[in-house]
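# Residue-level structural notes
Below are the chains, spelled out letter by letter.
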Amino acid sequence: MTTKGPVSQFMDHHYRHFNAAAMMDATKAYEAHIASGGKMMVTLAGAMSTAELGLSLAEMIRNGKVHAISCTGANLEEDIYNLVAHDHYERIPDWRALTRDAEQDLYDRHLNRVTDTCIPEEAAMRKIWAVMAAEWAEAEAKGERCFPHEFFYRALLKGKFKNDYQIDPKNSWMLAAAEKNIPMVVPGWEDSTLGNMYASFCMRGEVKNVHTVRTGIEYMTSLAEWYMKTAETSSIGFFQIGGGIAGDFPICVVPMIRQDLEKDDIRLWGYFCQISDSTTSYGSYSGAVPNEKITWGKLSKETPSFIVESDATIVAPLMFAHILGW
C-alpha cells in the first residue's frame, strides 16, 4: 500500500471529531467506492473555478478519480478565463467593506467581482467569446450541433487558447476533462456569461439556428444514456459541491430512468456526499439532508451518505488531497 503524503497524514491525525470527522468519513468512503470499481460524478456549483479548484480537481480527473462532471455554465467558462487571463485578475482582500462607489469603480474598469476576485472583462471574457463565436459559426456552417462543453473541448484540443496560457495548464480542470473526454452536463448554461452572449448572437442573426448549441433536455437524455450504460457494470457515486442546479439536475436522472422510463431495475446512486454551508432545511434543495433523497428515489437507505457543513473552497481541496494521497 502506498504511503500517504504529509497532507493526508495531518488530516488522519487531527480531523477526528464533529465536522472534521464527517469530512474524513466521506473521504474514506469515496476512496472505498473507487477502490471497489465504482465511478464518481462530481458536481460544481458556485464559483469553484474562480476559486481555482482546478489545482486539485484536474489531478483527480487525470488519476481516474472522477468519471463525469455536472457544472454551471459559470464554472465551465471561468476555468478557461483563469487559464488565459490569470495575470490580469485582481484580488480584493477587503471585499466586505466595499462601498457602492468602489463597486462602481470596478465596473468602470471592466472588472467583474466574484467575492474577493475580479475577472477582467477584456483579457478574459472577450478573448474567450471571440474563440467560441468562431466555433459556433464553424459548426453552424457544417450543420453540426454540440453541447456547450463540447465546444470548449474542441477549442482546447485544437490549441485555440494555447498561446494565451497564463497558468500551468496542468491546473486547468477543463483541459484535463477535455483530454480524457470526461462526460459532462451543464444545466442552465443559458444563465452564464457566454450563454447570454449566445442569446445576443441569435437575436442579431449572427447565429441563425438557435439549436446549434444543444439544450438542457438533450443533456438529460445523454446523461441517462451514460448512466444506464455505466450502471451495467459499476456503482455510480455522487459528490456534490454546493447545491443548486448543478446538483439537482444530474441527481434526478435516476428517478427519471426508474419512474418515467419505467426501468425500475436501474441502480440508485451508490455513494452521496454534499459539501454545503446552507442551513439545514427541508424547504430548500441545498439545505436538504440526504435522507430526503430516499423519498424521491435517488438514494437507497443503504447508500453511504454524508454532509460536510463547511466552505467548499476549504473542504474540497482537502478531500481531493487525501484521495490523491498527497
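Reading guide: rules and limits
- Residues numbered from 1 in each chain as written.
- Predicted model: local features only at pLDDT ≥ 70, side-chain atom pairs only at ≥ 80, totals over all residues.
- Heavy atoms only, no water.
- Phe/Tyr/Trp six-rings, centres within 6.5 Å; stacked < 30°, edge-to-face > 60°.
- Helix = DSSP H or I, 4+ residues; strand = E, 2+ residues; numbered from the N terminus.
- Buried < 20%, exposed > 50% of the residue type's maximum accessible area, 1.4 Å probe, protein only.
- Patch = residues over 30% accessible without salt bridge, like charges linked within 9 Å, V, L, I, M, F, W, Y side chains within 5 Å.
- Areas by Shrake-Rupley, 256 points an atom, 1.4 Å probe, with all protein chains shown as cover.
- Salt bridge = Lys/Arg side-chain N within 4 Å of Asp/Glu carboxyl O.
- Lys, Arg positive; Asp, Glu negative; His and termini not counted.
- Charge placed at Lys NZ, Arg CZ, Asp CG, Glu CD.
- Pairing = 2+ DSSP bridges.
- Polar contact = N/O pair within 3.5 Å; in protein donor to acceptor, adjacent residues only side chain to side chain.
- Contact = heavy atoms within 4.5 Å.
- Axes fitted to C-alpha atoms, helices over the stretch in contact; angles between N-to-C directions.

This paragraph deals with the packing of aromatic side chains. On inspection of all chains with the given rule, the structure shows 12 aromatic pairs. Ring plane angle 15 degrees and centroid distance 6.0 Å describe the contact between Phe238 and Phe272, whose orientation is recorded as stacked. In this pair, Phe238 sits in strand β7 (residues 236-241) while Phe272 sits in strand β8 (residues 271-275), placing the two residues 34 residues apart along the sequence. Classification of Phe238 as buried rests on a relative accessible area of 0%. Of the aromatic side chains, those joined through ring pairs into one cluster are Tyr30, Phe239, Tyr271, Phe306 and Phe320.

Glancing now at a negative patch on the surface. Residues Asp260, Glu262, Asp264 and Asp265 make up a contiguous surface patch of negative charge. Tracing the chain through its elements places Asp260 in helix α12 (residues 253-260).

The backbone phi angle of His110 is positive, close to 60 degrees, even though this residue is not glycine. Within the secondary structure, His110 is located in the loop between α5 (100-108) and β4 (111-114). Residue Thr115 is not a glycine yet carries a positive backbone phi of 55 degrees. Its place among the elements puts Thr115 in the loop between β4 and β5 (117-120).

Reading across the sheet, the six strands line up as β6-β2-β1-β7-β8-β9 and stay open at both edges, with parallel pairing between neighbours. Both outer strands of the open sheet, β6 (184-185) and β9 (305-308), are each paired with one neighbouring strand and no more. The pairing of strand β1 (residues 39-44) with strand β2 (residues 68-71) spans four bridges and is parallel. Among the inter-strand pairings, Met41 is bridged to a residue of β2, identified as Ala68.

A separate point is the environment of Glu122. Along the chain, the position of Glu122 falls in helix α6 (residues 121-142). Spatially, the C-alpha atom of Glu122 lies 41 Å from that of Ala20, the residues being 102 residues apart in sequence. Separated by 3.3 Å, the side chains of Glu122 and Arg126 make a polar contact.

Applying the stated criterion to the full structure yields 17 salt bridges. In this structure, Glu103 and Arg113 form a salt bridge, with 2.5 Å as the shortest nitrogen-oxygen distance. Highlighted residues: Glu103 in helix α5 and Arg113 in strand β4, separated in sequence by 10 residues. For Glu103, a relative accessible area of 28% puts it in the partly exposed group. Classification of Arg113 by relative accessible area gives partly exposed; the value is 30%. The partner of Lys160 in a salt bridge is Glu135, and the shortest N-O contact between them spans 2.9 Å. Of the two residues, Lys160 sits in the loop between α7 (148-157) and α8 (173-180) while Glu135 sits in helix α6, which places them 25 residues apart along the sequence.

Another point: the environment of Met228. Within the secondary structure, Met228 sits in helix α10 (residues 216-231). The sequence separation of Met228 and Met48 amounts to 180 residues, and the corresponding C-alpha distance is 28 Å. Those residues in contact with Met228 that sit more than four places away from it in its chain are Ile257, Leu261, Lys263 and Ile266.

This brings us to the sheet that holds β4. The sheet built from three strands is open, its strands ordered β3-β5-β4 with antiparallel pairing. Of all strands in the sheet, those bounded by a partner on one side alone are β3 (90-91) and β4. Here α6 sits on the sheet and contacts β4 and β5; the angle it forms with β5, its principal contact strand, is near 55 degrees.

Take the pairing of β5 next. Side-chain alternation along β5 places Thr117 and Ile119 on one buried face and Cys118 and Pro120 on a second face that is also buried. When β3 meets β5, the two strands line up antiparallel, connected through two bridges. Bridging across to β5, Glu90 finds its partner in Cys118. Strand direction decides the pairing type here: β4 and β5, joined by four bridges, are antiparallel. Directly across from Asn112, in β5, lies its bridge partner Ile119. Between β4 and the antiparallel strand that follows it, β5, lie two residues; Thr115 among them carries a positive phi value of about 55 degrees.

Turning our attention to the side chain of Ser172. Topologically, Ser172 is positioned in the loop between α7 and α8. The contact partners of Ser172, leaving out residues within four places of it in the chain, are Ala58, Asp79, Leu83 and Ile167.

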